[in-house]
Amino acid sequence: MQQPEACWIRVLLFGNLNECVISGYGNLVIEDREMGVTARFNRPNQALTVRMDAGKLRIGEHLFDGDMMIQTETPFVFTVNELPFRGHLRLSRNDDGMTFSAINHVPVESYLCGVIAAEMQSYWEPEALKAQAVASRTYCLFIKHRFGRGRDWDVRRSQAHQVYRGMAAETAPTNEAVFQTAGIVLVCPDKSGKRTIFPAYYSSACGGHTENSRFIFGDSFSVLRGVECPYCRKTTRSDYFYWTGPLFSREEITRRLLGRYPSLARLESIEQIEAAQQSEIGRIVSVRLTGTNGRTAFLRGEDFRLALDPSGRKLKSAIFTIHRTDRGFEFVEGRGFGHGTGLCQSGAQALARSGSSFSEILQYYYPGSQLVRLKEQG
Ligand SMILES: [Zn+2]
């Protein structure tokens, strides 16, 4: 079961706790990271409450000087606030001295079992699930190597990175997709021609053409340049492919945008919204905002959409036409669901249904990429 630490990933489960309840399916061995001493709790399924006490973590009579590393024993499963996860748990005190974070240290393959079932329907084609597993593995390792060094964790468990629901989400078909592709990732040539992993983005339904990542995330990987996708229209819900957004009043738009971007207060109130730049396929790359005082500001299209609708379920993508009315703004002629970069999940399902393998699907959506197997050391 043990893997080299390089094949593990650290997932931020909760960032702002005052207290939490933990338990192990097996024994728990809790190490005080400051003192190097351990406490052993030999009662499986016993609920232990951890709380902050004068800047230190406490369990009952045990006061810990440093952060807590909670190692699980077989079957390597614990719960935090009744949610089951594989691997180990670190409780790390935050700089405010009042709260702590819960971080799941978990082997990458076990992590992916909790991701694939949350990111794709478990009844989808096995080859589509396998394509998702390879994309998710590549993506999380890229994020780990790029951003994990300077902080206590590698990825969040939300859509900000990949949705991760731990063991509660796992299903047999999605676990099978992870195991059948274990250790396989995507690589592409970097600027010097060396093979490197890249952020293998994916989204629900691209709307007919995937997007160049340069317009969404600012990357310049050649494998993320966007391809035609006549496939997702066949499998996605019709209202995910063609949609009309709700009407937002000018007051509502001003409130939401200033709530997310306080510097926009210099516009006073938002009076006009226009597409400032659109990609070749019609996605709004940036919007120009004009205030009641005549000042202007620019926002990236994705940032604008998610500031107005953080759920992303009303303004489903940045492909839309802005329509000004007496009552506010409407976002009409919408197409697709998600940011549209990289693998189109609904397109992958359509391709798998028509007989494509997971490697064919991946090479279609990440053109020029290669599949490789990670070495033992990760
Ligand atoms: Zn598509």
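Remember, it's a predicted structure, so these values are computed and weren't measured experimentally. (Residues numbered from 1 in each chain as written. Predicted model: local features only at pLDDT ≥ 70, side-chain atom pairs only at ≥ 80, totals over all residues.)

Focus on the overall build of the chain
Next up, step 1: Assigned secondary structure in the chain consists of 10 helices and 26 strands.
Next up, step 2: Since a compact globule built from 378 residues should have a radius of gyration of about 21 Å, the 23 Å found for the chain is in line with a globular shape.
Next up, step 3: Structurally, the chain occupies a C-alpha span of about 65 × 55 × 40 Å along its principal axes.
Next up, step 4: Pairs at least 24 apart in sequence give 64% of the contacts found in the chain among residues at least 6 apart. (Helix = DSSP H or I, 4+ residues; strand = E, 2+ residues; numbered from the N terminus. Rg over C-alpha atoms; globule rule 2.2 N^0.38 Å. Contact = placed C-beta atoms within 7 Å.)

What about the domain arrangement of the chain?
Next up, step 1: What the domain assignment reports for the chain is domain 1 (19-98), domain 2 (110-236 + 339-373) and domain 3 (240-335).
Next up, step 2: The straight-line distance from the C-alpha centre of domain 2 to that of domain 3 is 28 Å.
Next up, step 3: With 14 residues of domain 2 at the contact, the number on the domain 3 side is 10 residues.
Next up, step 4: Elements represented by at least two residues in the side of domain 2 that touches domain 3 include exactly helix H4 (213-216) and helix H5 (232-235).
Next up, step 5: Across the side of domain 2 that touches domain 3, the residue classes tally to four nonpolar, eight polar and two charged. (Domains from an automatic or database assignment. Nonpolar A, V, L, I, M, F, W, Y, C, P; charged D, E, K, R; others polar.)

Thoughts on the environment of serine 317
Next up, step 1: By secondary structure assignment, the location of serine 317 is in the loop between helix H8 (301-308) and strand S22 (321-325).
Next up, step 2: Through-space distance from the C-alpha of serine 317 to that of glutamate 333 is 11 Å; in sequence the pair is 16 residues apart.
Next up, step 3: Sequence-distant contacts of serine 317, defined by excluding residues within four places in its chain, comprise Gly207, Gly334, Arg335, Gly336, Phe337, Gly338 and Gly340.

Brief notes about the packing of helix H1 (residues 108-119) against helix H3 (residues 172-180)
Axes are the key here: two packed helices are described by the angle between their axes and the distance separating the axes.
Next up, step 1: Where H1 contacts H3, the two axes come as close as 9 Å, and the packing angle between them is 135°. If you check the angle between H1 and H3, you find them oblique. When you trace H1 past H3, the crossing you get is right-handed. Contact residues: Glu109, Leu112, Cys113, Ile116 and Ala117 in H1; Thr174, Asn175, Ala177 and Val178 in H3. (Axes fitted to C-alpha atoms, helices over the stretch in contact; angles between N-to-C directions. Parallel < 35°, antiparallel > 145°, perpendicular 65-115°, else oblique. Left-handed = near helix turned anticlockwise from the far one by under 90°.)

Notes on the sheet that holds strand S18 (residues 247-248)
Next up, step 1: Strands sit in the order S18-S23-S22 across an open sheet of three strands; the sheet is antiparallel. Each end of this open sheet is capped by a strand with a single partner; those strands are S18 and S22.
Next up, step 2: One ladder, built from five bridges, connects S22 with strand S23 (residues 328-332); its direction is antiparallel. Opposite arginine 324, over in S23, you have phenylalanine 329 as the bridge partner. (Pairing = 2+ DSSP bridges.)

Let's talk about the nonpolar core
Next up, step 1: Within the largest apolar cluster, 78 residues are counted, with the highest numbers of intra-cluster contacts made by Val11, Tyr111, Ile116, Ala131, Ala200, Ile361 and Leu362.
Next up, step 2: Looking at which element gives the most residues to this core, the answer is helix H2 (residues 126-147), with nine residues.
Next up, step 3: Excluding residues within four positions of it along the chain, isoleucine 361 makes contact with Glu127, Ala128, Ala131, Ala348, Leu351, Ala352 and Ser356.
Next up, step 4: Residues Ile270, Leu315, Ile319 and Phe329 belong to the second largest nonpolar core, which totals 19 residues. (Core = buried A, V, L, I, M, F, W, Y, C linked by C-beta atoms within 7 Å. Buried ≥ 20, exposed ≤ 12 C-beta atoms within 10 Å, placed from the backbone.)

Some thoughts on the environment of histidine 339
Next up, step 1: As for its position among the elements, histidine 339 is in the loop between strand S24 (334-335) and strand S25 (343-344).
Next up, step 2: Overall, histidine 339 belongs to the buried group, with 25 C-beta atoms counted inside 10 Å.
Next up, step 3: Separated by 177 residues in the primary sequence, histidine 339 and glutamine 162 place their C-alpha atoms 14 Å from one another.

Notes on the sheet that holds strand S2 (residues 19-24)
Next up, step 1: If you walk across this open sheet you meet the six strands as S7-S6-S5-S2-S9-S10, and the pairing is antiparallel. Only two strands of the sheet have a single partner each, and these edge strands are strand S7 (62-64) and strand S10 (83-86). Sheet twist, expressed as the mean angle between neighbouring strand axes with direction ignored, is 30°.
Next up, step 2: Inspection of the sheet shows strand S6 (residues 56-59) paired to S7 by three bridges, in the antiparallel sense. Residue pairing for S7: leucine 57 is matched across the bridge by phenylalanine 64.

Quick word on the environment of cysteine 7
Next up, step 1: Turning to its location among the elements, cysteine 7 is positioned in the segment before strand S1 (8-17).
Next up, step 2: Along the primary structure cysteine 7 and lysine 375 are separated by 368 residues, whereas in three dimensions their C-alpha atoms are 9.9 Å apart.

Here we look at the pairing of strand S5 (residues 48-53)
Next up, step 1: One ladder, built from four bridges, connects S2 with S5; its direction is antiparallel. Bridged to isoleucine 22 within S5 is leucine 48.
Next up, step 2: As judged from the four bridges shared by S5 and S6, these two strands associate in the antiparallel manner. Directly across from valine 50, in S6, lies its bridge partner isoleucine 59.
Next up, step 3: Where S5 folds back onto S6 in an antiparallel hairpin, the turn is made up of two residues, including alanine 54, whose phi is positive at roughly 50°.

Notes on unusual backbone geometry
Next up, step 1: The residue after threonine 74, namely proline 75, is reached through a cis peptide bond having omega 10°.
Next up, step 2: Secondary-structure assignment places proline 75 in the loop between strand S8 (68-72) and strand S9 (77-80).
Next up, step 3: If you check the backbone angles, asparagine 45 has positive phi at about 70° while not being a glycine.
Next up, step 4: Looking at the secondary structure, you find asparagine 45 in the loop between strand S4 (38-41) and S5.
Next up, step 5: Backbone geometry at alanine 54 places phi at a positive 50°, although glycine is not the residue there.
Next up, step 6: Position of alanine 54 among the secondary structure elements: in the loop between S5 and S6.
Next up, step 7: Exposure remark for alanine 54: the 7 C-beta atoms within 10 Å place this residue in the exposed category.

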